[in-house]
Amino acid sequence: MRRPLVAGNWKMNLDLAQARELVKGLRDGLAALGPDARKVEVAICPPAIYLFPVAKYADGSEIKLGAQNLYYEPKGAFTGELSAAMVAETGARYVILGHSERRHTIGHLEDDRMINRKVKATIAAGMTPILCVGETLAEREAEQTLDVLTFQLTAGLVGVGLESADKLVVAYEPVWAIGTGRNATPKQAQQAHAHLRGQLREVAGNVADEVRILYGGSMKPDNAGELMSRPDVDGGLIGGASLKADAFLGIIKATLMS
Ligand code: PEP
């Protein structure tokens, strides 16, 4: 039985006062849901500079912390980067890796080889990567979606031992759906997720059945329920809608009911 994970990717948004307010709103909202809320795991991934203060705001709650990136080398002359050990020290449990904005938007920063190194560094530091994969619109239109997913997943996991499911979360994030207001249909999401699980089985055997595969791309309270009700959709990676407590809680509630 896979426990759903709803993770908020704040990207480069909010100031510290807004971050504090948001965490307070989430804590209050989750408390109001009662013990049932524990059926869904909730994580927030603030900008790196807010990891320590946000860890304090979330202290004593069930909200987990995640980072949006790290660097794979343990230390050295890598100005501006953060090692996995540094990120782990903040209390982060998750690290988003291979997000399309880092693959495609920020000056083509990351390729699959680099993402693979980051996946390994994250696991070695005791955290769980949220490995993002997804096709562009041109790739979907050229019917290359499943090939792209196979390639990104297997390249991201080269040499990664997946002896237990807590070592990995996968996020299917079609690039054309991120921040566009246009989500994948539940049928498209299920097809991609089932394919990813099949590919995971090739590398991880039965552990693949326990690995959570999140959907990400314009998920909102009003489309979350239908997406989450698909058998291989095990939660969401949420961008825009994670910046408002009401919207994020709405997605958590929809997950609980699905
Ligand atoms: C994301 O950035 O991972 C994402 C899914 O963004 P949005 O929900 O805004 O589409």
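Residues numbered from 1 in each chain as written. Predicted model: local features only at pLDDT ≥ 70, side-chain atom pairs only at ≥ 80, totals over all residues. Heavy atoms only, no water.

We now examine the pattern of salt bridges. Where charged atoms from two side chains of opposite charge come close, those side chains can pair. Inspection of the entire model under this criterion finds 16 salt bridges. In this structure, Glu101 and Lys11 form a salt bridge, with 2.7 Å as the shortest nitrogen-oxygen distance. Of this pair, Glu101 sits in helix α4 (residues 100-105) while Lys11 sits in the loop between β1 (5-9) and α1 (16-33), and the two are 90 residues apart along the sequence. On the accessibility criterion, Glu101 (24% relative accessible area) is partly exposed. Between Asp112 and Arg103 there is a salt bridge, with the nearest N and O atoms lying 2.9 Å from each other. Note on accessibility: Asp112 and Arg103 belong to one class, buried. Salt bridges here are not isolated pairs; linked through shared partners, they connect Arg2, Arg197, Asp232 and Asp234. (Salt bridge = Lys/Arg side-chain N within 4 Å of Asp/Glu carboxyl O. Helix = DSSP H or I, 4+ residues; strand = E, 2+ residues; numbered from the N terminus. Buried < 20%, exposed > 50% of the residue type's maximum accessible area, 1.4 Å probe, protein only.)

Around the ligand lies a shell of 14 residues, among which Lys11, His99, Glu173, Gly179 and Ser218 are the nearest. Note that an oxygen atom of the ligand is positioned 2.7 Å from one of the side-chain N or O atoms of Glu173. If the ligand stood free it would expose 290 Å²; the protein chains cover 96% of that surface. Taken together, the residues of the shell around the ligand sort by class into four nonpolar, eight polar and two charged. (Near = heavy atom within 4 Å. Polar contact = N/O pair within 3.5 Å; in protein donor to acceptor, adjacent residues only side chain to side chain. Areas by Shrake-Rupley, 256 points an atom, 1.4 Å probe, with all protein chains shown as cover. Nonpolar A, V, L, I, M, F, W, Y, C, P; charged D, E, K, R; others polar.)

This part takes up the pairing of strand β3 (residues 64-67). Covered by surrounding structure in β3 are Lys64 and Gly66 together with Leu65 and Ala67, the residues of both alternating faces. Bridge count for strand β2 (residues 41-45) against β3 is two bridges, and the pairing is parallel. Looking across to β3, one finds that Ile44 is bridged to Leu65. The β-α-β motif built from β2, the intervening helix α2 (residues 51-58) and the parallel element β3 has right-handed crossover chirality. Looking at chain direction, β3 and strand β4 (residues 94-97) are connected through two bridges and run parallel. Opposite Ala67, over in β4, you have Val95 as the bridge partner. Once the chain exits β3 it traverses helix α3 (residues 84-89) before rejoining the sheet at β4, and the crossover so formed is right-handed. (Pairing = 2+ DSSP bridges. Right-handed = clockwise from strand over helix to strand, strands pointing away.)

On to the state of the cysteines, then. Joining two cysteines, a disulfide is a covalent bond between their sulfur atoms. One pass over the structure, following the stated rule, counts zero disulfides. You can see Cys132 has no disulfide; the closest cysteine sulfur is in Cys45, sitting 9.3 Å from it. With relative accessibility at 1%, the residue Cys132 sits in the buried group. (Disulfide = S-S within 2.5 Å.)

This paragraph deals with the packing of helix α7 (residues 145-156) against helix α8 (residues 186-204). The N-to-C vectors of α7 and α8 enclose an angle of 40 degrees; their axes lie 10 Å apart at closest approach. The orientation of α7 relative to α8 falls into the category oblique. In this structure, α7 meets α8 at a crossing whose hand is right-handed. When α7 is examined against α8, the residues Leu146, Leu149, Thr150 and Leu153 are found in contact with a partner set consisting of Gln191, Ala192, His195, Leu196, Gln199 and Leu200. Looking at the contact of α7 with α8 residue by residue, the class counts come to six nonpolar, four polar and no charged. (Axes fitted to C-alpha atoms, helices over the stretch in contact; angles between N-to-C directions. Parallel < 35°, antiparallel > 145°, perpendicular 65-115°, else oblique. Left-handed = near helix turned anticlockwise from the far one by under 90°. Contact = heavy atoms within 4.5 Å.)

Taken together, eight strands build a closed barrel; the order of strands is β1-β2-β3-β4-β5-β6-β7-β8 and the barrel is parallel. Mean inter-strand twist for the sheet, computed between neighbouring axes without regard to direction, equals 25 degrees. Across four bridges, the pairing between β4 and strand β5 (residues 128-133) is parallel. For Ile96, the partnering residue across the bridge sits in β5 and is Ile130. Packing of α2 onto the sheet brings it into contact with β2 and β3, and relative to β3 it is tilted by some 165 degrees.

Moving on, we come to helix α9 (residues 221-228). For α9, the full list of buried residues reads Asn223, Ala224, Leu227 and Met228. With its buried residues spanning 130 degrees around the axis, α9 presents them on a single face. Along α9, exposed side chains directed more than 90 degrees from the buried face belong to Asp222 and Glu226. Turning to α9, the residues buried within the fold contact β1, α8, β7 (212-216), β8 (235-238) and α10 (245-257). (Arc of directions from axis to C-beta.)

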